[in-house]
Amino acid sequence: METKNIMIVGVGGQGTLLASRILGGITKNAGYDVKISEVHGMAQRGGSVVTYVRYGDHVAEPIVEEGHADVLIAFERLEALRYAHFLKKDGVLVVNDQRMDPMPVAVGMAAYPERIIEDLKEKYCVVSVDAKALALQIGNARVFNTVIIGVAAKRMDFAKEDWIRVIEETVPPKTVEINTKAFEAGYEL
């Protein structure tokens, strides 16, 4: 199998690392060689977090090069814009339609770009979802990351049951039920 490249981008505290553990688990359980690399930056201060997940028959290195991501999962609009150039021509950008102002915007030194998703759709295959609103309907806004994983899972080659098994093995035991509901909600979109 040709190596597949997945990127997860977001802001510190959004659950990107949990999402990477789920992706690593699903690919490892399928028997692939898997490499994961996490770049935290100023994650504890709301900074950018990037995770690379590469899997295939043999994966030499963990970093995804620009223009090579098969799937880019963005937990926030501006992070989608910041990393969209990593997508390959037929790649898919799954983006949570949520705005989180970075520090320069919060203190008035910069403006948050308008029309991010609309502009991205002009150049890329974009699947946009308000995952936080859906997570709130389910009962817990914090599981929006699992909603996004559900949306992305439809664009990957693993069975729904396998995803659910990995989620059950990965999330804290008391959150299995709500995370499973969140995944299924995203998967059914």
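Structure: see above.
Quick caveat: nothing in here was measured; it's all calculated off a predicted structure.

About the cut-offs
Residues numbered from 1 in each chain as written. Predicted model: local features only at pLDDT ≥ 70, side-chain atom pairs only at ≥ 80, totals over all residues. Heavy atoms only, no water. Buried < 20%, exposed > 50% of the residue type's maximum accessible area, 1.4 Å probe, protein only. Helix = DSSP H or I, 4+ residues; strand = E, 2+ residues; numbered from the N terminus. Arc of directions from axis to C-beta. Contact = heavy atoms within 4.5 Å. Polar contact = N/O pair within 3.5 Å; in protein donor to acceptor, adjacent residues only side chain to side chain. Axes fitted to C-alpha atoms, helices over the stretch in contact; angles between N-to-C directions. Parallel < 35°, antiparallel > 145°, perpendicular 65-115°, else oblique. Left-handed = near helix turned anticlockwise from the far one by under 90°. Nonpolar A, V, L, I, M, F, W, Y, C, P; charged D, E, K, R; others polar.

## A look at helix H5 (residues 131–138)
Okay, step 1: By the burial criterion, the buried members of H5 are Ala 131, Leu 134 and Ala 135. Axial view of H5: buried residues confined to an arc of 100°, hence all on one face. In this structure, H5 carries Leu 136 and Gln 137 as exposed residues pointing more than 90 degrees from its buried face.
Okay, step 2: The elements touched by buried residues of H5 are strand S5 (87–96), strand S6 (125–129), helix H6 (144–153) and helix H8 (176–188).
Okay, step 3: Gly 139 lies just past H5 and shows a positive phi near 130°.

## Description of the side chain of Thr 146
Okay, step 1: Its place among the elements puts Thr 146 in helix H6.
Okay, step 2: In terms of polar contacts, Thr 146 uses its side chain to reach the side chain of Asn 145, at 3.4 Å.
Okay, step 3: Once residues lying within four places of it in the same chain are set aside, the contact partners of Thr 146 are Ile 167, Asn 179, Ala 182 and Phe 183.

## Section: the packing of helix H1 (residues 16–29) against helix H7 (residues 160–170)
Okay, step 1: Here H1 crosses H7 at 125°, and the two axes come no closer than 9 Å. Here H1 is positioned oblique relative to H7, judged by the angle of their axes. The chirality of how H1 crosses H7 is right-handed. For the pair formed by H1 and H7, the contact residues are Leu 18, Arg 21, Ile 22, Leu 23, Gly 25, Ile 26 and Asn 29 on the first element and Asp 162, Trp 163, Val 166, Ile 167, Glu 169 and Thr 170 on the second.
Okay, step 2: Considered class by class, the residues forming the contact of H1 with H7 number 7 nonpolar, 3 polar and 3 charged.

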